[in-house]
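For reference, the chains in residue letters:
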Amino acid sequence: MAIQVRLDPAKTYQHMEGFGASGAWWAQVVGGWEGNPVREEIARLLFSKKDGIGLMTYRYNLGGGSKRSGKGQFPNPERRADAFDDGETGYDWNRDSEAVLMLREAVRQGAEEVVFFVNSPPERWTVTGRTQDKFPFSPNLRKDCEADFTRYVLDVTEHFLAEGLPVKFISPINEPMGLWIGKSGQEGCFYRPSGMRRLLRRFADEMERRPALKDVKLSGTENNDLRMMNKTYTRALMKDPAIRARVDGVDVHGYCFPPLRFLKDVKRRFRKYMDRRYPGVPLRMTEWTEMRGGRDCGMTSALVQAGTMYEDLSVLNVISWQHWIAVSQYDFCDGLIYIDADAQTYSIPKRYYAFGNFSKFIPRGALRVSVETPGAPACLQSLAFTAEDKTTYIFINHGQMPLELALPGQTEEAEMFVTSEDRSLESEQIKTGAFTLPGKSVCTVII
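Nothing here was measured: the structure is a model prediction, and the numbers come from that model.

Once that is clear, we can look at the overall build of the protein. Looking only at helices and strands, the protein has 11 helices and 22 strands in total. For the protein, the C-alpha radius of gyration of 22 Å lies close to 22 Å, the compact-globule estimate for 447 residues. Overall, the protein is about 70 × 50 × 40 Å in size when its C-alpha atoms are taken along their principal axes. Within the span of the protein, comprising 447 residues, buried residues form 60% of the whole. Counting only contacts in the protein whose residues sit at least 6 apart along the sequence, the fraction spanning at least 24 positions is 73%.

Considering all chains together, one arrives at 23 aromatic pairs under this definition. An angle of 65° between the planes, with centres 5.6 Å apart, marks the rings of Trp321 and Phe355 as edge-to-face. Of the two residues, Trp321 is situated in strand β11 (residues 320-325) and Phe355 in helix α11 (residues 350-359); the sequence distance between them amounts to 34 residues. The burial state of Trp321 is the same as that of Phe355; both residues are buried. Over the aromatic face of Phe117 sits the side chain of Arg59, whose NZ or CZ is 4.8 Å from the ring centroid. Note that Arg368 overlies the ring of Tyr13, its terminal NZ or CZ placed 3.9 Å from the centroid.

The next thing to look at is unusual backbone geometry. The omega torsion across Ala24 and Trp25 is -15°, close enough to zero to call that bond cis. Here the bond from Gly220 into Thr221 is cis, since omega is 0°, no more than 30 degrees from zero. The topology assignment puts Thr221 in strand β8 (residues 221-225). In this model, Leu425 sits at a positive phi of 55°, which is unusual for a non-glycine residue. Secondary-structure assignment places Leu425 in strand β20 (residues 423-431). Residue Leu425 is classed as buried on the basis of its relative accessible area, which comes to 16%. The phi dihedral of Lys440 is positive, around 50°, even though this residue is not glycine.

Glancing now at a positive patch on the surface. Where like charges cluster on the molecular surface, the positive patch consists of Lys231, Arg235, Lys239, Arg269, Arg276 and Arg277. Every element with two or more residues in the positive patch is listed here: α7 (230-238) and α9 (264-277). Examining the composition of the positive patch, we find that three residues originate from one element, α9, more than from any other. Structurally, Arg277 is set in helix α9.

Moving on, we come to the nonpolar core. Generally speaking, nonpolar side chains in soluble globular proteins are found buried as a group. Core analysis: the largest hydrophobic core is formed by 117 residues, its most contacted members being Trp26, Leu46, Tyr58, Tyr60 and Phe358. Residue contributions to this core peak at eight residues, all from helix α10 (residues 299-314). The contacts of Phe358, once residues within four sequence positions are left out, are Phe19, Ala306, Met309, Leu313, Leu383, Ile394, Ile396 and Val442. Grouped together as the second largest cluster of nonpolar side chains are 20 residues, Leu380, Tyr393, Leu405 and Val445 included.

A word on α9. With 14 residues, α9 should cover 20 Å at 1.5 Å per step; its first-to-last C-alpha distance of 20 Å lies within 8% of that length. All buried positions along α9 are accounted for by Val266, Lys267, Phe270, Arg271, Tyr273 and Met274. The buried side chains of α9 occupy one side of the element, clustering within an arc of 160° when seen end-on. More than 90 degrees from the buried face of α9, the exposed residues found are Arg269, Lys272 and Arg276.

This paragraph deals with the packing of α10 against α11. It is at 8 Å that the axes of α10 and α11 come closest, and there the two elements cross at 30°. Classified by the angle between their axes, α10 and α11 sit roughly parallel to one another. The interaxial crossing formed by α10 with α11 has right-handed handedness. On the side of α10, the interface is formed by Met299, Ser301, Ala302, Gln305, Ala306, Met309 and Leu313, while α11 contributes Lys350, Arg351, Ala354, Phe355 and Phe358.

Let's shift gears to the sheet that holds strand β7 (residues 217-218). In sheet architecture, strand pairing relies on hydrogen bonds along the backbone and comes in two forms, parallel and antiparallel. If you walk across this open sheet you meet the nine strands as β7-β6-β5-β4-β3-β11-β10-β9-β8, and the pairing is parallel. The open sheet has two edge strands, β7 and β8, and neither has a second partner. Relative to strand β6 (residues 167-171), helix α5 (residues 146-162) is tilted by about 165°, and along the sheet it contacts β5 (113-117) and β6.

Calculation criteria
- Residues numbered from 1 in each chain as written.
- Predicted model: local features only at pLDDT ≥ 70, side-chain atom pairs only at ≥ 80, totals over all residues.
- Heavy atoms only, no water.
- Helix = DSSP H or I, 4+ residues; strand = E, 2+ residues; numbered from the N terminus.
- Rg over C-alpha atoms; globule rule 2.2 N^0.38 Å.
- Buried < 20%, exposed > 50% of the residue type's maximum accessible area, 1.4 Å probe, protein only.
- Contact = heavy atoms within 4.5 Å.
- Phe/Tyr/Trp six-rings, centres within 6.5 Å; stacked < 30°, edge-to-face > 60°.
- Lys NZ or Arg CZ within 6 Å of the ring centre and 35° of its normal.
- Patch = residues over 30% accessible without salt bridge, like charges linked within 9 Å, V, L, I, M, F, W, Y side chains within 5 Å.
- Areas by Shrake-Rupley, 256 points an atom, 1.4 Å probe, with all protein chains shown as cover.
- Salt bridge = Lys/Arg side-chain N within 4 Å of Asp/Glu carboxyl O.
- Lys, Arg positive; Asp, Glu negative; His and termini not counted.
- Charge placed at Lys NZ, Arg CZ, Asp CG, Glu CD.
- Core = buried A, V, L, I, M, F, W, Y, C linked by side-chain atoms within 4.5 Å.
- Expected span 1.5 Å × (residues − 1).
- Arc of directions from axis to C-beta.
- Axes fitted to C-alpha atoms, helices over the stretch in contact; angles between N-to-C directions.
- Parallel < 35°, antiparallel > 145°, perpendicular 65-115°, else oblique.
- Left-handed = near helix turned anticlockwise from the far one by under 90°.
- Pairing = 2+ DSSP bridges.

What follows is the structure, given as structure tokens:
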């Protein structure tokens, strides 16, 4: 007997902003493939609504300068980042040219929103003189340089806004609780809650004095582990009215150390905390990747990602969901696309298509509504969204066996997009009175 899908459009949740991914640090690699059409193809696959999966948000890494100086310990040199700061002389807008090229290409292909995020302030304003901390839990931004750092980030933002790029968010602090020392592998800077609040207040005040930034928001706190200090940093973020006027939500990362696949209870508790202390303040998931070594290009990793997105959308009620690196050259379960940097080629894992089951079909402004599947096995997860005259369902079947579903009262034909071991966002016509979800699949049904 088919599992009955029960939609209750009167029971509503969050309005969606969209989906996105980061350009760190692949953009400075792919952007250098001059004359190779692959770099345009990759941007199109990610950001085009017609020929790709329609990601709305592009996260650009505003680096700290380790790429140019060579300072710090970076096991992978491609995780070094450039900076536009040119010492005492001003700005060099020709720097980071490869990554900037991919930023522009992402916008040209369809990205509607750019986030500038900072892992570390430029080296000359740090305590250590490099973009990594010397000791654990030791702030690296010099207090006497906070104004310089603020001015720099806002000047860069105004420069690219004047170019016509849609910079909507500035994130001056990334994962403030991180251990950015020694072989941490990337630029980073520790901040205590009080230091984070002081710096963001400086940003908020300076942004008020710049008319060109009137529509740009601050992003915070971008803590890396949902289980650690999120409430503490959130309180520091929310208690200052000037900051709160510029921060229209709380941004979180979905990592967990040691790695765990699903953190449903942790997410439920944090959502309850937000509803109790800060009702109406939305959450965004601005970074996630499966913390597992080895490339998994099949449905196993794709279903982990889809299940995580389901939890974040239905438990945390996030209004935006952003993957970590969009493109990977690593032996890791991370990229939506994998590249071979030597051959300048790419390959596409199932993770890309499963993400597209969400990003391609849930438009900005879509409203999540209640959907239930009583009596369904635990392997089935369901979401529903309404926008204009369409209802979009997402069904995730974690089980090996196919599942029969039915939409009560619906007898017309509909379109279903299937991602499974042998299908990649393939379209098929179904009868809504009874249709089949393949085993180990992510399916989108549009009524």
